[in-house]
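A closer look at the structure
Chain by chain, the residues run as shown.
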Amino acid sequence: MKRSRLIVPMALALIALGLAAGPAAAQTPPDKFLGHKVGEDRKLADYAQIKAYFEKLDQESNKLQLFTIGESVLKKPIIMAAISTPENLAKLDRWKEITHKLRDPRTTPVDEARKLAKEGKAVVLITCSLHATEIAASQMAMELAYDLVTGKTFFDAGKILADVIVLLVPSHNPDGNQMVVDWYEKYVGTEFEGGGMPWLYHHYAGHDNNRDWYMFNLPETRAVTKVLYHDWLPQIHVDEHQMGSTGARLFVPPFMDPPLPNIQPSVWRGVNLVGTGMSYDLQKHGLSGVVNGRSYTAWWIGACDDTSWLHNVIGILSEAASVRTATPIHIEPNEIPTSYAVKRMDFIDPWPGGWWRLRDIVDYELVLSKSMIKTAGLHKEDLLFNFYQMNKNSVEKTDKGQPYAFVIPALQRDYPTMLKMLEVLKMGGVEIHQTKADFIAGGRFYNAGSFVVKTAQPYKTFAWSLLEKQKYPDMRQYPGGPPVPPYDNAAWTLPLQMGVLCDEIEEPFEAKLEKIGAVPYPKVPAQGKSDYFVLDSRVNASYALAMALLKDGAEVWRTKTRTTVKGHDLQAGCFVVKNTAAVKKALPALAEKLNLAVLDVDDVSALPKAPVKFPRIGLFQSWRGNMDEGWTRYVLDDMGIPYKTLHNADIKGTKEKKPDLRAEFDVIIFADEAANTIKGTRPGATPGGAESAMGRMFRQSPMPPEYEGGIGQEGVDALKAFVEKGGRMVALNRAVEFAISDFSAPARNTLTGVDRTKFFCPTSILRLLVDNETPIGYGLPKEAPTMFVNSLALDTFSPPYGWDRKVVAAYPEDEILMSGWLLGEEYLARKAAVVDTKWKDGRIILIGVRCQSRAQSHGTYKFLLNALLYPEM
Ligand SMILES: [Zn+2]
């Protein structure tokens, strides 16, 4: 929020004369404010202090205005400073108006754009320490702000800032910043100093908060996205991170191959211009060890700086070598890998080794940040006009392989999930049309009410990349050699992940289109007047509604076969709810919230059905900060499904008290995690998903004893007793290996030990054949696109006494890849992916894919949801 301020007449007079230097003497340097030097060994400012410092600067300087751009999960305000000349700050609305005009060439002719580029100001955004342990940038931000308002720069600050509006977000993960500082300060001076935390540095996502930038699940992502594509429309965006300790001191672009093909070449030219400027200025400051063109590819779009590319913004990633939070490290020269010890054109000045401190990172980041601002100032008119030109290309030019449009049919299996997808597109700034009449496109008939995303629009690249199927190039280390893995996903195709029907239409077509403003939520009809009602098993929201009603004691069944009710063809697994007075009272608000229509029926006696009970759910959380556990929690919270978090001691009990898990729980979920991490047999084990080199460094340091180890054999025994007595254990992705190794579930992972040159599938979307007449497959389509992320290919077999198994989903014989990259398809052909196993009175459900991947793959949530709402057969 803009704060009201008192401007003394003298300052006004100075502004009028264009001489305003601000009340220079009055500005408090951060060192004085904090009582220590920024980046001093073992000293950190926490978010409260950072925020307070920016508030102080906001009061003291007329070159800085502070805004609140959003709120974190744990309700901390996310602040952003706008820094420029007082004259520019007085006219922020005008500069925003100009960037908005330059975004849309359809209403801004070229001549006007040239004038606006001359008049306007380059808007640049710097975001810091999204990964909270990569803490230097959040500290650096205070000094950067101070240097800019006091002119402590290696360029003429007055002249440059006259052409640039600097937007500075000191931390877009304030919750994480606070956790990391608290943890560090608790253990500084002990043997655990500078070690990793036993939990994620974001309430849900941990490191994956930098995998959320096309899905916008997290409020922190949405706050910055609003700045980027809705409010300010910067031309350059720098996101500052840290990496491992022993290689280069700093990475700045150019990026590494391959580039995502639909991104405009001018984006890369701009990225290289700014990145090379940074390297140049760092060299001038005597800062060695800067690398370009390695490690970080130009393909993956889920990271903070990367999604900018798809919006014609120059997106820059910086990665500095890490210390142990704020504790300096010493690196022996021979500890530096050879590739970072010799001169190469992409690494022309190796760092010799020695001490490396938090302050060193701050120094590198100050220079790279200022360098970007300098480049923006020197090229301001060009940057603004190029921004316009790229948007004009997006609207007018047809790129190779560019379809005319994507059509999202009105008839969907899961309409509320389709609405969610539209929200994601809107958040990314995509223009969407709705059709007012039936039409034909690509030889197919579509009903009125279908949605159309035309590719010719300013944010074409984002819309196109999100909706198309990715074809990752077959990149090898040498011809015939092992694959070069992508930085992260090879594929993300949103309609496939979300189970939403969406057709790519090559050729132009005629339709009566109307541009939508907000996502049009249909009015939920008055409903629930009969004695019973039915909820469609294909719709995710049905599970949320069933769960909410069960919690309140409603009587609920699930249909056991495909049935027809009042002319509706219903898939197996639909929920049948007895419409009691209590249900009638609760239903309208829930149905409204979930955008869900129910089907009223008076007599359900003929429906083959089995009762389902409210499940008491436990979710295991290791002390290793497992991101997949965080996302599982996100999905459950998002759907309003109650659960209890279980730690090692809750499962294995104590010497005094052995737990009776069955007395407390019906279902216990294990998120994607290696068996030895769960059991704690390998203390340094890596949890699920991508992890930073820093994460690995932290994992080498000891944890306080209360966080060491896992559930151990006692935990396994307690879980066995839980299953024997009728409990359901759900193993997600690699936790399936745990179910196999420690519970002897009747399956075998056939990918174990298979060489990368033979089989390789970096996070891609694969085709699964689902038996949707069996409980775990209820509601799913017969062919389901699914996220394969370090996933499994299972062989099942005739099990010993006491066991049974049912294959729920398996890979087809061929044509398995739907989006991404898959080498060695034959290793997956006909293998099982999801298996429902029965042991004594209970079940162990093996879900060998990432069915709730990063809360993106809504299309396969039902594997998990069915495991929770398993009918009493
Ligand atoms: Zn990072």
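Topic: helix α5 (residues 92-103)
Between its first and last C-alpha atoms α5 spans 17 Å; for twelve residues at 1.5 Å apiece the expected length is 16 Å, and the two agree. Three or more residues of α5 are buried, namely Leu 92, Trp 95, Ile 98, Thr 99, Leu 102 and Arg 103. The arc that holds the buried residues of α5, viewed along the axis, is 140°, so those residues lie on one side.

Considering the coordination of the zinc ion
Note on the zinc ion: its protein donors are His 131 (ND1), Glu 134 (OE), Glu 134 (OE) and His 241 (ND1). The metal-donor distances range over 2.0 to 2.7 Å. Coordination at the zinc ion is irregular, judged from the four donor atoms that bind it and the angles of 52 to 145° they form at the metal. Of note, the zinc ion draws all its donor residues from one chain, in the sequence arrangement H-x2-E-x106-H. In this pair, Glu 134 is assigned in the loop between β3 (122-128) and α7 (136-150) and His 241 in strand β5 (residues 236-243), connecting sequence segments 107 residues apart. Of the residues examined, His 241 reaches a relative accessible area of 1% and is grouped as buried.

Overview of the packing of aromatic side chains
Taken as a whole, this structure holds 44 aromatic pairs when the rule is applied. With 6.3 Å between their ring centres and 55° between their planes, Tyr 532 and Trp 557 make a pair best called tilted. One end of the pair, Tyr 532, is in strand β20 (residues 532-535); the other, Trp 557, is in strand β21 (residues 556-559), with 25 residues separating them in the sequence. Between the aromatic rings of Trp 803 and Trp 839, the centroid separation amounts to 5.4 Å while the plane-to-plane angle is 15°, which identifies the pairing as stacked. Placement of Trp 803 in strand β35 (residues 803-810) and of Trp 839 in strand β37 (residues 832-839) is noted, with a sequence separation of 36 residues between them. Look at Trp 839 and you get buried, because its relative accessible area is 12%. Across the ring face of Trp 95, the terminal group of Lys 121 is positioned such that the distance to the ring centre comes to 5.0 Å. Taking NZ or CZ as reference, Lys 609 lies 5.7 Å from the ring centre of Trp 557, over its face.

Remarks on the sheet that holds strand β24 (residues 575-578)
On the basis of which strands lie adjacent, the open sheet formed by five strands has the order β25-β20-β24-β21-β26 and antiparallel pairing. Two strands close off the open sheet at either side, each with one partner strand: β25 (599-601) and β26 (609-612). Mean inter-strand twist for the sheet, computed between neighbouring axes without regard to direction, equals 30°. The pairing of β20 with β24 spans four bridges and is classified as antiparallel. Bridge pairing in β24 links Leu 535 to Phe 575.

Regarding the side chain of Gln 497
With respect to the element layout, Gln 497 can be found in helix α17 (residues 494-498). Reaching out from Gln 497, the side chain makes a polar contact with the backbone oxygen of Trp 492 at a distance of 2.8 Å. With sequence-adjacent residues up to four places away left out, Gln 497 is seen in contact with Tyr 214, Trp 492, Ile 765, Met 787, Ser 853, Gln 856, Ser 857, His 858, Gly 859 and Thr 860.

Topic: the pattern of salt bridges
What the rule picks out here adds up to 51 salt bridges. Through salt bridges that share partners, Arg 94, Glu 97, Lys 101, Glu 112 and Glu 119 make up one connected network.

Considerations on the nonpolar core
Among the nonpolar cores identified, the biggest contains 134 residues, and Phe 54, Ile 83, Ile 236, Ile 373, Ile 408 and Leu 425 are the most heavily contacted of them. In this structure, Leu 425 is in contact with Ile 408, Val 430, Ile 432, Val 453, Leu 466 and Leu 467, ignoring residues within four places of it in sequence. Core analysis: the second largest hydrophobic core is formed by 72 residues, Val 598, Ala 793, Leu 828 and Ala 833 among them.

Describing the packing of helix α18 (residues 540-551) against helix α19 (residues 581-594)
Where α18 contacts α19, the two axes come as close as 10 Å, and the packing angle between them is 150°. For the element pair α18 / α19, the angle class is roughly antiparallel. In this structure, α18 meets α19 at a crossing whose hand is right-handed. Counted together, Ala 541, Ala 544, Leu 545, Ala 548 and Leu 549 of α18 and Val 583, Ala 586, Leu 587, Leu 590 and Leu 594 of α19 form the full contact between these two elements. For the contact of α18 with α19, the residue count by class is ten nonpolar, no polar and no charged.

Notes on the confidence of the model for the protein
Considering every residue of the protein, the mean pLDDT works out to 94; 95% of them sit at 70 or more. The low-confidence segment residues 1-24 (pLDDT under 50) makes 25 contacts with residues lying over four places distant or belonging to another chain. This stretch, residues 684-691, has a pLDDT under 50; its non-local contacts, to residues over four places away or in other chains, come to 30 contacts.

A look at the sheet that holds strand β17 (residues 451-454)
Spatial ordering of the open sheet is given by β18-β13-β17-β14-β19, a layout of five strands whose pairing is antiparallel. Strands at the two margins of the open sheet, each flanked by one partner only, are β18 (503-505) and β19 (513-515). Recorded for the sheet is a direction-independent mean angle of 30° between the axes of neighbouring strands. Looking at chain direction, strand β13 (residues 405-408) and β18 are connected through three bridges and run antiparallel.

With respect to unusual backbone geometry
In this model, Pro 253 is joined to Pro 254 through a cis peptide bond whose omega is 15°. Within the secondary structure layout, Pro 254 lies in the loop between β6 (250-251) and β7 (256-259). Here Asp 257 and Pro 258 are connected by a cis peptide whose omega angle stands at -5°. In this structure, Pro 258 sits in strand β7. Although it is not a glycine, Leu 233 adopts a positive phi angle of roughly 50°. Looking at the secondary structure, you find Leu 233 in the loop between α10 (219-231) and β5.

Observations regarding the environment of Asn 386
By secondary structure assignment, the location of Asn 386 is in helix α14 (residues 380-396). Judged by its relative accessible area of 22%, Asn 386 is partly exposed. Spatially, the C-alpha atom of Asn 386 lies 10.0 Å from that of Ala 113, the residues being 273 residues apart in sequence.

Some remarks on the state of the cysteines
Covalent bonding between the sulfur atoms of two cysteines defines a disulfide. Following the criterion strictly, the structure yields zero disulfides and no others. Counting only cysteine sulfurs, Cys 761 is the nearest neighbor of Cys 851, a cysteine outside any disulfide, at a range of 16 Å. Take Cys 851: its relative accessible area is 0%, and that puts it in the buried class.

Regarding the pairing of β21
The alternating pattern of β21 places Val 556 and Arg 558 and Trp 557 and Thr 559 on opposite faces, both of which are buried. Direction of pairing for β21 relative to β24: antiparallel, over a ladder of three bridges. In the sheet register, Val 556 faces β24, and the bridge partner there is Val 577. Pairing of β21 with β26 involves four bridges; the strand directions are antiparallel. From the neighbouring strand, Arg 558 faces β26, where its bridge partner is Ala 610.

Here's the deal with the packing of α5 against α14
The interhelical angle for the contact between α5 and α14, taken along N-to-C directions, is 35°, at an axis separation of 8 Å. Within the contact between the two elements, α5 uses Thr 99, Leu 102 and Arg 103 and α14 uses Leu 384, Phe 387, Tyr 388 and Asn 391. The residue makeup of the contact of α5 with α14, split by class, is four nonpolar, two polar and one charged.

Thresholds applied
- Residues numbered from 1 in each chain as written.
- Predicted model: local features only at pLDDT ≥ 70, side-chain atom pairs only at ≥ 80, totals over all residues.
- Heavy atoms only, no water.
- Helix = DSSP H or I, 4+ residues; strand = E, 2+ residues; numbered from the N terminus.
- Expected span 1.5 Å × (residues − 1).
- Buried < 20%, exposed > 50% of the residue type's maximum accessible area, 1.4 Å probe, protein only.
- Arc of directions from axis to C-beta.
- Donors = N, O, S within 2.8 Å, 3.2 Å for Na, K, Ca; no water.
- Tetrahedral: all angles 85-135°; square planar, octahedral: opposite > 155°, others 65-115°.
- Phe/Tyr/Trp six-rings, centres within 6.5 Å; stacked < 30°, edge-to-face > 60°.
- Lys NZ or Arg CZ within 6 Å of the ring centre and 35° of its normal.
- Pairing = 2+ DSSP bridges.
- Axes fitted to C-alpha atoms, helices over the stretch in contact; angles between N-to-C directions.
- Polar contact = N/O pair within 3.5 Å; in protein donor to acceptor, adjacent residues only side chain to side chain.
- Contact = heavy atoms within 4.5 Å.
- Salt bridge = Lys/Arg side-chain N within 4 Å of Asp/Glu carboxyl O.
- Core = buried A, V, L, I, M, F, W, Y, C linked by side-chain atoms within 4.5 Å.
- Parallel < 35°, antiparallel > 145°, perpendicular 65-115°, else oblique.
- Left-handed = near helix turned anticlockwise from the far one by under 90°.
- Nonpolar A, V, L, I, M, F, W, Y, C, P; charged D, E, K, R; others polar.
- pLDDT = per-residue confidence, 0-100.
- Disulfide = S-S within 2.5 Å.

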